[in-house]
Structures are given as C-alpha cells and as structure tokens.
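For reference, the chains in residue letters:
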Amino acid sequence: MAYKNIREYIQRIEKKGLLHRIKAEVDPVLEISEITDRVCKSPGGGKALLFEKVKGSAFPVAINLFGSFERMSLALEVEALDDIAKRIEDLLNQAPPKNLLEKLALLPKLFEMSQYFPKKVSNAPCQEVVEKENPDLSKFPIIKCWPGDGQPSAQNSDEGRFITFPMVFTKDPETGRPNCGMYRIHVFDKTTTGMHWHIHKDGARHYDKYSKLGQMMPAAIAVGGDPSIIYASSAPLPEAVDEMLFAGFLRKAPVEMVKCITSDIEVPAESEMVIEGYLDPGETRIEGPFGDHTGFYSPAEPYPVFHVTCITHRKDMVYPTTIVGKPPMEDVYLGKATERIFLPLLQKIVPEVVDMNLPLEGIFHNFAFLAIDKRYPGHARKVMS
C-alpha cells in the first residue's frame, strides 16, 4: 500500500534500521549540513537522520531520507528502480486494440490508470494550523547549508537559509493546467523569498504568462508528503503531464489534494507544511549564491520574489530537507531513479539506446554513458546530438 505521508515512510525505514535519531540540540545554521555531509559520504550513503531538537524551532528536521539505493527503492515501494521502468515500458508498448475482444482486454488497465488521477478533499492534515494574520518563516527549522550561501554579508551569519526540498505549485493562467516543480527557495525574511526557477521551467513559463497579462501570480510551496510526490516534483516530465498524476502512477493510488486558504492553487493534503503566496511580475531580487551540486557556489542573480500570505502546517510537523554539494550526496540517488525510470521514454525517442548510466561522480547531469545498437559509421554522433 502507498505511504500516506512522509512520516509513514520514516517509520518504515526506522523499523529497517536505516534511520538514526539525534536527540542532542543542533543548529540549523551550518551544523545540520556539516553532520549530514559526513553521513552522506560514508559507505552506502549512511543512514537517514532525524534531528529531534533544533535550535530556535519547535519542529524536528529529517534529512538524507533518500540517500541510498535501498532507501530510494523503499521510497518508491519497489524491489528495484527498474521495476517502475518496466511498468512504463508496458504502457508505451501497448498496441491499439484491433477487435472487440482486445478492447475488452484493455478495460482493466484503463480502469487502473483512472485510479491514479489526483483526488480533491476538503479537510487536510497540512491545514491543522493556519497562520494567516502574521505568517513567519523564521519559526521553522530552515537550514543554512554552506558558509557562503546568501549574500556576501551572510558569511557565517544566520542569513542565507534555503528551503531545499520545496514542491512549488503553480497554475497556467490560460489553460488552468497545474504544475509542480522543485526550485530552491532563498528565505529573505519572515514573509519574502526568492523563487529560483530557470527560464526553461514550467513555473517560469506560467510566470511569463502572468507578466503579459499584468496579473499577480498565485503560488504555493509545499514541504513534505508521500515520497513519490517529492520525487515526482523533481522528475523531468513533459509540460502536459501532471506531476501529481505521475505520483499517483508511482504510488498506485491517487494523491489527495486540498485547495489553499488564500488562492485556488491545490497542494497535497498530506504535506507537512504549505507556504501560500504570490509573485508580482517584474519584481526581482538578488537570489543566492548557493552551494550547488558541483561543489561550487552558483552565482547570485536576480530572480522573482515570492510574498507569503499564509502558512499552514501539521501540529506535529516534521520538516524534511536536503543538502547538495560534492558527490556522493542524497540528490544523486534521486538522479539515479530518474535514470532508470525515464530510460524507456528516452528509448522511444532514440530507439538505438540500449542502456544508460548517469554516474554519481557526474552528479547525475554532467556525465552520461550510453550503450547503443550501432548500425553505421557516425551513429554515436547522431545519438549524442
């Protein structure tokens, strides 16, 4: 059965001895990331960590939840990540029915797929506590990962905190089609953040449309949820594919969604925390620098500003987060999941591809090794292109 939320997954990996609880008080500024960095680089990715007492906050921090091949498979509830690829391959290779009997044989599969569509609910655990009058991001254990994160003035200070596992929900103003992406969130103060989406991302396309319409853009940042939802937020899906439908396919059950308090944006009902707000098209602020996957800081550049209008969360919220940096770290295992899960889709576009390896050393998007069925001179160059 699908995990209902992130805490069910945490219970599962703890029972398997894959999680370590830290009861001593830790600082969310640099200390959590220093400890986690050492654990990530231990054999096999180390254990998941639950920091129960975080300085300045009433909520625990969970990190390195997906930082091993075993935990990544457990997160998506499969024996091996290739099992999901096989399900996708079976769907892609489904031939059109030629007669009535073949159409009838297809009905069970169509019915199964219909069960994966997101399901709207009215009551949600993520809205147990509603902070609409004076929302305050400083109450939450948002971590600072590396000394140079944030502006130059933030060196070794409390500034430069980032929400690193956000699920950013937006909606196309023309079609109403929803999107969910994982874009890092630089916390500027209690009620404003940066919105780090690159120009090719769906969220940025929605932002451009709101800019042309001259309208404020509603958005919501969800933190936590079923592991398949977190993974789906990072997956390289085509614009027309709803990430929550894909999460439903992964977990073999619909994702329950709830309407935000201050906008029509819908978010996963089982999230730990939801930050509601809006972006004013044209308003930008310097976001970054940020210690990135490569082991270098990505530069500080202007990005849109997100204004917080409401924060909702569970009463006993667990704050999931991650850090990125020189591999191996937690993100490379998410990348390896994408490698295996999306191989059948790549093969539909480039049939010559036999297999693919995005090695951890390349931080899953700087090296790609491909095995191909070579048929003519220069074939490898064609595949590379």
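Being a predicted model, the structure only gives us computed values, none of them experimental. (Residues numbered from 1 in each chain as written. Predicted model: local features only at pLDDT ≥ 70, side-chain atom pairs only at ≥ 80, totals over all residues. Heavy atoms only, no water.)

(A) Local environment of the overall build of the chain. When helices and strands are counted, the chain shows eleven helices and 20 strands. Computed over the C-alpha atoms, the radius of gyration of the chain is 21 Å, within 12% of the 21 Å expected from 2.2 N^0.38 for a compact globule of 385 residues. Dimensions of the chain, computed from the C-alpha atoms along their principal axes, are close to 65 × 45 × 45 Å. Of all 385 residues assigned to the chain, the portion counted as buried reaches 53%. Long-range pairs, those at least 24 residues apart, make up 70% of the contacts in the chain between residues at least 6 apart in sequence. Per element, the accessible surface of the chain, about 17900 Å² overall, is 56% carbon and sulfur. Across the chain, the 46 positively charged side chains and the 52 negatively charged ones have centroids separated by 3 Å. (Helix = DSSP H or I, 4+ residues; strand = E, 2+ residues; numbered from the N terminus. Rg over C-alpha atoms; globule rule 2.2 N^0.38 Å. Buried < 20%, exposed > 50% of the residue type's maximum accessible area, 1.4 Å probe, protein only. Contact = heavy atoms within 4.5 Å. Areas by Shrake-Rupley, 256 points an atom, 1.4 Å probe, with all protein chains shown as cover. Lys, Arg positive; Asp, Glu negative; His and termini not counted. Charge placed at Lys NZ, Arg CZ, Asp CG, Glu CD.)

(B) Expanded view of the pattern of salt bridges. Per the stated rule, a full pass over the model turns up 25 salt bridges. As a salt-bridge pair, Glu174 and Lys209 come within 3.2 Å of each other at their nearest N and O atoms. With Glu174 in the loop between strand E7 (166-171) and strand E8 (178-181) and Lys209 in helix H6 (residues 202-213), this residue pair connects regions lying 35 residues apart in the sequence. You can call Lys209 partly exposed: its relative accessible area is 22%. A salt bridge links Arg314 to Glu272; its shortest N-O distance comes to 3.1 Å. (Salt bridge = Lys/Arg side-chain N within 4 Å of Asp/Glu carboxyl O.)

(C) Representation of the sheet that holds strand E12 (residues 256-259) within the structure. Read across the open sheet, the three strands follow the order E4-E12-E13; overall the sheet is mixed. Of all the strands in the sheet, the pair left with one neighbour each is strand E4 (119-120) and strand E13 (266-268). Note: E12 against E13, three bridges, orientation antiparallel. Each residue of the ladder has a partner; that of Val258, found in E13, is Val267. (Pairing = 2+ DSSP bridges.)

(D) Geometry of the sheet that holds strand E18 (residues 319-321). Taken in spatial order, the four strands make up an open sheet running E1-E2-E3-E18, and their pairing is mixed. Of all the strands in the sheet, just strand E1 (19-22) and E18 have a single pairing partner and so form its edges. With direction set aside, neighbouring strand axes in the sheet form an average angle of 20 degrees. As paired strands, E1 and strand E2 (residues 48-51) are joined by four bridges and run parallel to one another. Among the inter-strand pairings, His20 is bridged to a residue of E2, identified as Leu49. (Axes fitted to C-alpha atoms, helices over the stretch in contact; angles between N-to-C directions.)

(E) The environment of Glu70, seen in detail. As for its position among the elements, Glu70 is in helix H3 (residues 69-75). Residues Glu70 and Arg285, spaced 215 residues apart in sequence, show a C-alpha to C-alpha distance of 40 Å.

(F) Quick peek at the nonpolar core. Phe66, Tyr231 and Phe246 are the most contacted members of the largest nonpolar core, which has 54 residues in total. With five residues, helix H8 (residues 243-251) is the single largest residue contributor to this core. Those residues in contact with Phe246 that sit more than four places away from it in its chain are Ile88, Tyr231, Ala232, Ala235, Leu237, Ile341 and Phe342. Among the nonpolar cores identified, the runner-up in size contains 43 residues, and Val26, Leu137, Ile221 and Phe290 belong to it. (Core = buried A, V, L, I, M, F, W, Y, C linked by side-chain atoms within 4.5 Å.)

(G) Here's a closer look at the state of the cysteines. All told, the structure shown has zero disulfides when counted by the stated rule. Its sulfur unpaired, Cys180 is 12 Å from the next cysteine sulfur, which belongs to Cys260. Judged by relative accessible area, which is 3%, Cys180 ranks as buried. Counting only cysteine sulfurs, Cys126 is the nearest neighbor of Cys260, a cysteine outside any disulfide, at a range of 7.8 Å. (Disulfide = S-S within 2.5 Å.)

(H) A look at the layout of surface pockets. Roughly 1200 Å³ of internal volume is contained in the largest pocket. Taken together, 38 residues line the largest pocket, and the ones lying closest to its centre are Met182, Lys201, Ser234, His293 and Phe364. Elements represented by at least two residues in the lining of the largest pocket include exactly E8, H6, helix H7 (227-234), strand E17 (301-313) and helix H9 (330-341). For the lining of the largest pocket, the leading source of residues is H9, giving four residues. For the lining of the largest pocket, the residue count by class is 16 nonpolar, 14 polar and eight charged. (1 Å grid on protein atoms, 1.4 Å probe; cavity = no way out; pocket = protein on both sides within 12 Å on 5 of 7 lines; lining within 4 Å. Points joined across faces, edges and corners; volume = space filled by probe spheres on them. Nonpolar A, V, L, I, M, F, W, Y, C, P; charged D, E, K, R; others polar.)

(I) Spotlight on unusual backbone geometry. The omega torsion of the bond from Gly288 to Pro289 falls at -5 degrees, within 30 degrees of zero and hence cis. Within the secondary structure, Pro289 is located in the loop between strand E14 (273-287) and strand E15 (290-291). The backbone of Asn64 sits at a positive phi, close to 60 degrees, despite the residue not being glycine. With respect to the secondary-structure elements, Asn64 resides in the loop between strand E3 (61-63) and H3. With a relative accessible area of 0%, Asn64 lands in the buried category. Positive phi, normally seen in glycine, also occurs at Lys252, with a value near 60 degrees. One can find Lys252 in the loop between H8 and E12. Accessibility expressed as a relative area gives 55% for Lys252, which makes it exposed.

Note that all results are geometric; they support no functional claim without further evidence.
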